[in-house]
Amino acid sequence: MVTKYLKIDDKNRDLVLEEAASLLKMGEVVAFPTETVYGLGGNALDKNAVSKIFEAKKRPSWDPLIVHVCSLEMLNSVISEKPKILEKIVKSFMPGALTVILPKSEIIPENVTASKNTIAVRWPSHPVALELIEKAGVPIAAPSANLFNHPSPTTAQHVLDDLSGRIEMIIDGGEVSIGVESTVLDLTADKPTILRPGGVTKEDLESVIGIVRVKTNIEGEGFKSPGMSLKHYSPKSKLVLVLSEKELKEKIVKNLNKKIGVMLPTDWERIEGIEIFEWGKWGDWEGLAKKMFRGIRDLDKKELDIIICPLPLGEDLGSAIRDRLLRAAA
Ligand code: TXA
Ligand code: MG
């Protein structure tokens, strides 16, 4: 199949969204922007459409998808229990970069949730995503629009690089604003539990709902989310993580016989003779999150032996960056 690539602008907006929505209604899959990363969407109520998502991404069937909604009514239609805390969460964080895990309703086919009795639901805020779901009129199952285990796509070009010829359409809505995926928050546990740190921080959540646990398989107390396997987001080059500017210099000196790329903070000393991705100011976690996957993809295209990257300690959005980098280097 030839993938249709459509850049959306004020003039063609309605036409593009109509065309994409009609593909979704016909059971096809379409890539679209959200504020976190690009998603690969299909009708969440149609098990054949959902299989096409798994196939296009080469994603194993045990890894459940996130279902995207555009209204409270649609949210209520895919879940079967509404814990009290949900109302507060919806009010403060939806639409936005938060995914909640709740018991699923019967309208959701088994392959969406990998046969689990819970469902991951997200109400994104990106206007293109919202309008697309509205026009399709059904909840949209959508994982990140990358090949399984590749870094997540933050531009439509990244989607094209991974999925050209494998999906019907890509809507180019420009670079995403957040750059890391949504926070996955489990509301079926005794205490709200973060299974994946992401666009909404633990600090943000705690300011509204009180103490939140963290339970990823990298940090915290063991894990529950099938897709959070230790190794993920991996570049072809070996990824080496460092904790300081000093350690970065030592690693470079040690590897001078190799082709090196560095995700270099813009306020760290410039280095001659190696490939550099100008990442952003160290400590500006929002700026760094937005460009992280782009940087890893850009450097990985240069066929390097190693990519060296500083690792944040993990406050605010720094914890999502830290999580992705630890997985990518695992
Ligand atoms: O920002 C995002 O969340 C993006 C955009 C497109 O919305 N989507 C995304 O989807 O990152 P994906 O499929 O790449 O990651 C979804 C994660 C997986 O790790 C999966 O295992 C987990 O959510 N998940 C889905 N359903 C679950 C469930 N019922 N229980 C626990 N974890 C679940
Ligand atoms: Mg993903």
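Residues numbered from 1 in each chain as written. Chains lettered and ligands numbered in written order. Predicted model: local features only at pLDDT ≥ 70, side-chain atom pairs only at ≥ 80, totals over all residues. Heavy atoms only, no water.

Some details on the sheet that holds strand β6 (residues 118-122)
This is how it is decided: Strand pairing is assigned whenever DSSP detects at least two bridges linking the two strands. For the purposes of this entry, the term helix denotes a DSSP run of H or I that reaches at least four residues, the term strand denotes a run of E that reaches at least two, and both are numbered from the N terminus. In this description, contact between two residues means that some pair of their heavy atoms is separated by no more than 4.5 Å. With axes taken as lines fitted to C-alpha atoms, and helix axes fitted only over the stretch in contact, angles between N-to-C directions fall between 0 and 180 degrees.
Read from one edge of the open sheet, eleven strands run β1-β8-β2-β3-β7-β4-β6-β5-β9-β10-β11, paired in mixed fashion. Across the chains shown, the open sheet's two edge strands, defined by having one partner strand only, are β1 (4-7) and β11 (213-214). Direction of pairing for strand β4 (residues 66-68) relative to strand β7 (residues 140-141): antiparallel, over a ladder of two bridges. When the sheet's bridge partners are listed, V67 is paired in β7 with A141. Along the sheet face, helix α2 (residues 47-57) touches β3 (39-43) and β7 and points at about 155° away from the line of β3.

As for the environment of K291
This is how the line gets drawn: Buried, partly exposed and exposed residues are distinguished by accessible area as a fraction of the type maximum, computed with a 1.4 Å probe on protein chains only: under 20%, between the cut-offs, and over 50%, respectively.
Structurally, the position occupied by K291 is in helix α9 (residues 285-300). The class of K291 is partly exposed, set by a relative accessible area of 29%. Taking the C-alpha atoms as reference points, K291 and S182, 109 residues apart in sequence, are found 16 Å from one another.

What about the nonpolar core?
Definition in use: To qualify as a nonpolar core, a set must consist of buried Ala, Val, Leu, Ile, Met, Phe, Trp, Tyr and Cys residues joined through side-chain atoms within 4.5 Å.
Formed by 92 residues in total, the largest nonpolar core has its most connected members in I171 and L325. It is α9 that provides the largest number of residues to this core, a total of seven residues. Not counting the four nearest positions on each side in its chain, L325 is found in contact with L239, L241, W279, M292, I296, C309, P310, L311 and P312.

Remarks on the side chain of H158
The condition that has to hold: We define a polar contact as two N or O atoms separated by no more than 3.5 Å, with the added condition that, inside protein, one atom must be a possible hydrogen donor and the other a possible acceptor, whereas residues neighbouring each other in sequence contribute only through side-chain atom pairs.
For H158, the position within the fold is in helix α6 (residues 156-163). Taking the relative accessible area as the measure of exposure, H158 reaches 5% and is therefore buried. At a separation of 3.1 Å, a polar atom in the side chain of H158 contacts the main-chain amide nitrogen of T154. With residues up to four places along the chain from it excluded, the contact list for H158 reads P153, R294 and R297.

Some thoughts on the sheet that holds strand β15 (residues 306-310)
One open sheet accounts for four strands, arranged β12-β15-β13-β14; its pairing is parallel. Every interior strand has two partners, whereas the edge strands, β12 (238-242) and β14 (275-280), have only one. Within this sheet the neighbouring strands show an average axis-to-axis angle of 20°, counted without direction. Where helix α8 (residues 245-254) meets the sheet, it contacts β12, β13 (260-265) and β15, and its direction lies at approximately 140° from that of β12. The sheet strands contacting helix α10 (residues 318-329) are β12, β14 and β15, and the helix crosses β12 at an angle near 135°.

Things to note about α6
Keep this limit in mind: As used here, the arc is the angular range of directions from the helix axis to the C-beta atoms.
Restricting attention to buried positions, one finds in α6 the residues A156, H158, V159, D162 and L163. Burial along α6 is one-sided: seen end-on, the buried residues are contained in an arc of 155°. Those residues of α6 that are buried are in contact with β1, β2 (30-32), β3, α2, β8 (169-172) and α9. Residue G165 follows α6 closely and has a positive phi angle near 85°.

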